[in-house]
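Below are the chains, spelled out letter by letter.
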Amino acid sequence: MSDTVRTVSANCFCGLGVLMDTTYLLVTDLEVDTALVDPTVPLAIRTVWQLLWESEVRPDEVLAFEVPDAELDDRRIVVRHSKEGALFETGITAAAAGVLRELIGARTEGPLFTVDGRRLSKVEVATAFRTATGGRSLHALRFTRQLKERDRARRSDTARQTEKKSA
């Protein structure tokens, strides 16, 4: 994976229609990969980071997961939408399912993400991420992934248009 971030993608329009520099919101693949394998960080916290990096789920939604919400054989998680209140399912990678299986162990109920028997807080997860990445925000995981997906979609559209023109 690349450890560089293209600054071309680091500018966007905020809700007020003003172009703003969002470079500080970007996190590199290397920073994420390093944080996800850091043995000094509890597995529960690293798994929250992994789900934020790999899916559309928001931090509050991840932290609200209960053990039964993880449908690991189907590689899905049931999500309670934090803004709309609706339920939806999101797919997870085989790697995330494996880590969740390890994290859950024999538990059949209760909060999915716990440390020392208590549910993790957003502040705790965010503070650990800042420490592990030299100051990057937890929001950077979601923001960077969204930019990468938009860039990937844009490249796919360009490739399809090129194919049509050459056909």
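This write-up is about the structure you can find in this document. Fair warning: this is a prediction, and the values are worked out from it, not measured in the lab.

**Concerning the environment of Thr40**
So, point 1. Note on placement: Thr40 falls in the loop between helix H1 (29-36) and helix H2 (43-54).
So, point 2. Residues Thr40 and Ala132, 92 residues apart in the sequence, show an inter-C-alpha distance of 9.3 Å.

**Things to note about the packing of aromatic side chains**
So, point 1. This model, assessed by the stated rule, comprises 2 aromatic pairs.
So, point 2. Aromatic side chains Phe65 and Phe113 sit 6.4 Å apart centroid to centroid with 35° between the ring planes, which places their arrangement in the tilted category. Note that Phe65 is positioned in the loop between helix H3 (59-63) and strand E3 (70-71) and Phe113 in the loop between helix H4 (94-104) and strand E6 (114-115), a separation of 48 residues in sequence.
So, point 3. The class for Phe65 is buried, based on a relative accessible area of 2%.

**Things to note about the nonpolar core**
So, point 1. Within the largest apolar cluster, 38 residues are counted, with the highest numbers of intra-cluster contacts made by Trp49, Phe65, Phe113, Leu120 and Leu141.
So, point 2. Examining the composition of this core, we find that 7 residues originate from one element, H2, more than from any other.
So, point 3. What Trp49 contacts, discounting residues up to four positions off in sequence, is Ala35, Leu36, Val41, Val125, Ala128, Phe129, Ala132, Leu138 and Leu141.

**Some points on unusual backbone geometry**
So, point 1. Its identity is not glycine, yet Arg75 carries a phi of approximately 55°, on the positive side.
So, point 2. One can find Arg75 in the loop between E3 and strand E4 (76-80).
So, point 3. Exposure remark for Arg75: the relative accessible area of 41% places this residue in the partly exposed category.
So, point 4. Even without being glycine, Asp116 reaches a positive phi, approximately 55°.
So, point 5. Here Asp116 shows up in the loop between E6 and strand E7 (118-119).
So, point 6. What makes Asp116 exposed here is its relative accessible area of 75%.

**Here we look at the pairing of E4**
So, point 1. Pairing geometry for E3 and E4, over 2 bridges, is antiparallel. The residue of E4 that forms the bridge with Glu71 is Arg76.
So, point 2. Linking E3 to E4, which pair antiparallel, is a turn of 4 residues; within it Arg75 sits at a positive phi near 55°.
So, point 3. As judged from the 5 bridges shared by E4 and strand E5 (residues 87-91), these two strands associate in the antiparallel manner. Residue pairing across strands places Arg76 opposite Gly91, the latter belonging to E5.

Conventions and cut-offs
- Residues numbered from 1 in each chain as written.
- Predicted model: local features only at pLDDT ≥ 70, side-chain atom pairs only at ≥ 80, totals over all residues.
- Heavy atoms only, no water.
- Helix = DSSP H or I, 4+ residues; strand = E, 2+ residues; numbered from the N terminus.
- Phe/Tyr/Trp six-rings, centres within 6.5 Å; stacked < 30°, edge-to-face > 60°.
- Buried < 20%, exposed > 50% of the residue type's maximum accessible area, 1.4 Å probe, protein only.
- Core = buried A, V, L, I, M, F, W, Y, C linked by side-chain atoms within 4.5 Å.
- Contact = heavy atoms within 4.5 Å.
- Pairing = 2+ DSSP bridges.

Coordinates in, geometry out; function isn't part of it.
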